[in-house]
Amino acid sequence: MYIVPEAVIAGLLSRDECFRAVEAVFASMARGAARNFPVIREALGYADALYGFKSGFDREGLALGLKSGGFWPGNAAKGLTNHQSTIFLFDAESGQIRAVIGGNRITALRTAAASAVSIRHLARPDAEVMAVVGAGHQSAFQLRAALEQRRFRRVVAWNRDPSRLAGLAAVADEFGLPFAAVDLDQLGAEADVIITILSSFAPVLRVAQVRPGTHIACMGTDTRGKQEVETALPGRASLFTDEVLQAITIGEFQHAIAAGLVTAEAVTPLGAVIIGEHPGRVSEEEITLFDGTGVALQDLAVGAAVLEAAIAKGLALTV
Ligand code: NAD
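Rules used in this analysis
Residues numbered from 1 in each chain as written. Predicted model: local features only at pLDDT ≥ 70, side-chain atom pairs only at ≥ 80, totals over all residues. Heavy atoms only, no water. Helix = DSSP H or I, 4+ residues; strand = E, 2+ residues; numbered from the N terminus. Buried < 20%, exposed > 50% of the residue type's maximum accessible area, 1.4 Å probe, protein only. Phe/Tyr/Trp six-rings, centres within 6.5 Å; stacked < 30°, edge-to-face > 60°. Lys NZ or Arg CZ within 6 Å of the ring centre and 35° of its normal. Pairing = 2+ DSSP bridges. Axes fitted to C-alpha atoms, helices over the stretch in contact; angles between N-to-C directions. Contact = heavy atoms within 4.5 Å. Expected span 1.5 Å × (residues − 1). Salt bridge = Lys/Arg side-chain N within 4 Å of Asp/Glu carboxyl O.

- Going by the annotation in an unreviewed UniProt entry, the name recorded for the protein chain is Ornithine cyclodeaminase family protein, with Pseudogemmobacter faecipullorum given as the source organism.

Set out below in structure tokens:
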């Protein structure tokens, strides 16, 4: 078996390779060839930690395995990342373990790839202003992947604590784009594409702040109770997600579903757009809303690609 430690993963895979792995597995899901198994997530009653498993199998890509990990709020004080995860891949022919792979960077890469896939397939082709709501650990990964999807001319961003926006300004600078820290009214008035990436338990972006034609990727809500946009917003938009069951239970759409404003039938898996079963955006004025809840198959697809790259570069340890 192989071990790919967290420390060797940065730089193993290009953003484009991550993008293609995630796009392909969303397509597999839409064809019914790949599925995510029920998620387990439990409070440990120790160190305030949340811990769980996400697992699945892709019959087309033959990725079988799980991501195990969770959230340890005390880690930051120890100089560690609060979110910790590890990916386990198994041989689909025999069930034998194939690899253990650090999951922290892969989580950021596959999450950024998901919103990027949504932008590629759902944003207006002429989108020029990219907006980010949130400036935590995931946000720079999100912005880098998003900026490659359209010919953006400007980046605007908002964070509760504006002093943390320097990281996003630096990413805009990498792309040679002007950057502005703005309030949410200005952000919505300017943006063609908005990514929300918050760990908030109350809505932050309001319906009145979003203009027609915007594409929004809500990427932060992955647990019951979390929320990034006003409950009414999904009722005004065309709805897409990675996996419908997750979107309506632990994703951003949980609130609009509970309020009776939308139904599960109104939510389209992004994979259906990728394989051409659904047209995606059908008008310039439509607001498209992608709820990226994060599924195991993204981790397995990117994990498998990382493993192949690590083997090819001699960076995978053999046990
Ligand atoms: P982080 O803790 O580094 O950053 C959190 C951000 O949310 C900060 O910008 C903070 O200011 C903001 N925030 C928190 N509470 C807020 C509130 N009440 N109002 C306004 N802003 C608020 O977190 P991160 O690692 O960047 O992750 C962001 C979110 O994405 C988390 O909820 C995490 O669980 C989620 N996540 C989702 C996926 C997925 O696949 N969808 C993957 C990884 C992480």
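Some words on unusual backbone geometry
Move 1: Its identity is not glycine, yet Ala-47 carries a phi of approximately 55 degrees, on the positive side.
Move 2: With respect to the helices and strands, Ala-47 occurs in the loop between strand S3 (40-43) and strand S4 (50-58).
Move 3: For Ala-47, a relative accessible area of 43% corresponds to the partly exposed category.
Move 4: Look at Leu-62: it is not a glycine, yet its phi comes out positive at around 55 degrees.
Move 5: Relative to the helices and strands, Leu-62 resides in the loop between S4 and strand S5 (63-71).
Move 6: Take Leu-62: its relative accessible area is 42%, and that puts it in the partly exposed class.

Notes on the packing of aromatic side chains
Move 1: Per the stated rule, a full pass over the model turns up two aromatic pairs.
Move 2: Taken together, the ring pairs connect Tyr-51, Phe-53 and Trp-72 into an aromatic cluster.
Move 3: When the ring centre of Phe-19 is taken as origin, the NZ or CZ atom of Arg-120, which lies over that ring, is 4.0 Å away.

Structural notes on the pairing of strand S17 (residues 288-291)
Move 1: Because side chains alternate across S17, one face comprises the buried residues Thr-288 and Phe-290, and the other comprises Leu-289 and Asp-291, equally buried.
Move 2: The pairing of strand S13 (residues 215-218) with S17 spans four bridges and is parallel. Residue pairing across strands places Ala-217 opposite Phe-290, the latter belonging to S17.

Quick look at the sheet that holds strand S8 (residues 129-133)
Move 1: Read across the sheet, eight strands follow the order S10-S9-S8-S11-S13-S17-S15-S16 without closing on themselves; strand pairing throughout is parallel. Unpaired on one side and paired on the other, strand S10 (179-181) and strand S16 (267-269) mark the two borders of the sheet. Across the sheet, the mean angle separating the axes of adjacent strands is 20 degrees when strand polarity is ignored.
Move 2: Sheet analysis places S8 next to strand S11 (residues 193-196), joined by four bridges and oriented parallel. If you follow Ala-131 over to S11, its bridge partner there is Ile-194.
Move 3: Along the sheet face, helix H4 (residues 166-174) touches S8, strand S9 (154-158) and S10 and points at about 165 degrees away from the line of S10.

Some details on helix H1 (residues 15-30)
Move 1: Here H1 contains 16 residues, and its C-alpha end-to-end distance of 23 Å stays within 8% of the 22 Å for a straight helix at 1.5 Å per residue.
Move 2: Every buried residue of H1 is listed here: Cys-18, Phe-19, Ala-21, Val-22, Glu-23, Val-25, Phe-26, Ala-27, Ser-28 and Met-29.
Move 3: Against the buried residues of H1 lie strand S2 (34-36), S4, helix H2 (104-122), helix H8 (270-274), S17 and helix H9 (296-312).
Move 4: Backbone geometry just downstream of H1 places Gly-32 in the positive-phi region, at approximately 80 degrees.

What to know about the pattern of salt bridges
Move 1: Inspection of every chain in the model, using the stated rule, returns 13 salt bridges.
Move 2: One salt bridge connects Glu-60 with Arg-31, and the closest N-O pair in it is separated by 2.8 Å. With Glu-60 in the loop between S4 and S5 and Arg-31 in the loop between H1 and S2, this pair connects stretches of sequence that are 29 residues apart.
Move 3: Assessed through its relative accessible area of 47%, Arg-31 is described here as partly exposed.
Move 4: Arg-211 is the salt-bridge partner of Asp-192, the closest N and O atoms lying 2.8 Å from each other. Note that Asp-192 is positioned in the loop between helix H5 (184-190) and S11 and Arg-211 in the loop between strand S12 (201-205) and S13, a separation of 19 residues in sequence.
Move 5: Given a relative accessible area of 5%, Asp-192 falls into the buried group.
Move 6: By relative accessible area, which is 31% here, Arg-211 ends up partly exposed.
Move 7: The network of salt bridges with shared partners includes Arg-124, Asp-126, Asp-192 and Arg-211.

Comments concerning the environment of Gly-303
Move 1: Following the sequence through the fold, Gly-303 ends up in helix H9.
Move 2: Given a relative accessible area of 0%, Gly-303 falls into the buried group.
Move 3: For the pair Gly-303 and Gln-186, spaced 117 residues apart in sequence, the C-alpha to C-alpha distance is 38 Å.
Move 4: Residues contacting Gly-303, with those up to four places away along its chain left out, are Ile-87, Leu-89, Ile-101 and Ile-106.

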